[in-house]
Amino acid sequence: MKKIEAIIRKSRFKAVKDALHEIEVNFFTYWDVTGVGNEKKGQVYRGISYSTSDIQRRYLSIVVSDEFEEKTVQAIIDAAKTGEVGDGKIFVSDVQNTFRIRTGEHGNQAVN
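Residues numbered from 1 in each chain as written. Predicted model: local features only at pLDDT ≥ 70, side-chain atom pairs only at ≥ 80, totals over all residues. Heavy atoms only, no water.

(A) Structural context of the pattern of salt bridges. What the rule picks out here adds up to seven salt bridges. Two residues, Asp 32 and Arg 58, come together in a salt bridge whose shortest N-O distance is 2.7 Å. Placement of Asp 32 in strand β2 (residues 29-36) and of Arg 58 in strand β5 (residues 54-64) is noted, with a sequence separation of 26 residues between them. Overall, Arg 58 belongs to the buried group, its relative accessible area being 15%. (Salt bridge = Lys/Arg side-chain N within 4 Å of Asp/Glu carboxyl O. Helix = DSSP H or I, 4+ residues; strand = E, 2+ residues; numbered from the N terminus. Buried < 20%, exposed > 50% of the residue type's maximum accessible area, 1.4 Å probe, protein only.)

Printed below as a string of structure tokens:
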């Protein structure tokens with residue numbers, strides 16, 4: 001099993017969510033986060049320069065069976081990509097085991 005963590009633009013979340021549902025990845029967790037990245041912008045308001053380097057993003061955490069790793073990553077890339085700096089990052093790591101609390105199932109049966 002793999003844990004896929006993605007940091008994406010908030011404006012691309014609906015497209016990513018729809019892409020994940022399309023490939024039958026229907027369970028994932030997400031939350032709003034703030035970070036600092038390579039995107040460097042500044043705004044001037046009434047003659048004062050303000051830093052806007054703190055970037056609002058959405059963080060997704062998804063656990064899938066090994067067979068779903070590649071198509072899950074590709075679905076996120078296809079839906080989240082704008083081609084501009086700040087599109088985000090995806091991290092993939094191994095998961096030792098997973099348990100479904102309700103039934104006691106574990107491993108791939110608990111993920112799908």
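Next comes the rest of the description.
(B) Molecular detail of helix α1 (residues 13-22). Three or more residues of α1 are buried, namely Phe 13, Val 16, Ala 19 and Leu 20. An end-on view of α1 places all buried positions within 130° of arc, on one side of the element. Seen from the open side of α1, the exposed residues pointing more than 90 degrees away from its buried face are Lys 14 and Glu 22. Buried residues belonging to α1 abut β1 (2-9), β2, β5 and α2 (69-80). Downstream of α1 by a residue or two, Glu 24 has a phi angle that is positive, lying close to 70°. (Arc of directions from axis to C-beta. Contact = heavy atoms within 4.5 Å.)

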